[in-house]
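# Structural overview
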Amino acid sequence: MQHTVRSRAVLLGAAAYLGVQFWHTFRNRNSWPFCAYNMFTYELPERWQQFRVVLHDSAGGVTGPVDPWPLLPVEFFRVVAIMNRMFFVNEDAELRTRFCARTLDLLNRTSWADFDEVRASFRAPAGAEFTALDVYLVEVDRDCDAVDRSSVRSAQLIHRHDPTGAAAGTTVHWPHETSR
């Protein structure tokens, strides 16, 4: 009898915990120790903005448009947070220039492999190095191809770091850019 009561109490407690957890998940609420897991269950708006970068190299090549994740050897979501602080929160043009120069220097001197949430670094072609960095803010929606990073509704160049003039006069063609 005592074993059955204890088993039912544990089962009832587990069911109650899961019920409260499901409520938090579906209501998108966080209240420790319960979590909405909204990293995975958030609802996207009709349109949203993302970063894209284009790298120019000394051989005249172009890498991108691509996600900025491989720019820094940190978790990809932290790269987005750093970019947001650097290009939207910060208003110091000199700091942006130093950030871009150091990022290009890091990419040219060091490479790293994929590991967990850190994306492998961009690599310039053999015998070349990256000389310019364009940062774009793009608008995407559910109709944009999630694999093709040039599939955007609109794109705006928000910063160009080009000390050697390698990107002068170049324009990125966003083949899937729409005016919807």
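What comes next is a walk through the structure. (Residues numbered from 1 in each chain as written. Predicted model: local features only at pLDDT ≥ 70, side-chain atom pairs only at ≥ 80, totals over all residues. Heavy atoms only, no water.)

## Remarks on the nonpolar core
Residues L71, M83 and L133 are the most contacted members of the largest nonpolar core, which totals 20 residues. Mapped onto this core, the elements with two or more residues apiece are β1 (47–57), α3 (76–89), α4 (93–109) and β3 (130–141). In terms of residues, this core owes the most to one element, α4, which gives five residues. In this structure L133 touches V53, V54, L55, L71, C100, L104, H159, R160 and H161, once residues within four positions along its chain are discounted. Counting residues in hydrophobic clusters, the runner-up holds nine residues, among them W48, V54, V152 and V172. (Core = buried A, V, L, I, M, F, W, Y, C linked by side-chain atoms within 4.5 Å. Buried < 20%, exposed > 50% of the residue type's maximum accessible area, 1.4 Å probe, protein only. Helix = DSSP H or I, 4+ residues; strand = E, 2+ residues; numbered from the N terminus. Contact = heavy atoms within 4.5 Å.)

## Focus: the sheet that holds β1
Read from one edge to the other, the open sheet built from four strands follows the order β2-β1-β3-β4, with strand pairing classed as antiparallel. The open sheet is flanked by β2 (62–66) and β4 (154–161), the only strands paired with a single partner. Each strand axis lies, on average, 15° off the axis of its neighbour in the sheet, ignoring direction. One ladder, built from 11 bridges, connects β1 with β3; its direction is antiparallel. Paired with R52 across the strands is Y136, a residue of β3. Sheet strands in contact with α3 are β1, β3 and β4, and its direction is about 85° off that of β1. (Pairing = 2+ DSSP bridges. Axes fitted to C-alpha atoms, helices over the stretch in contact; angles between N-to-C directions.)

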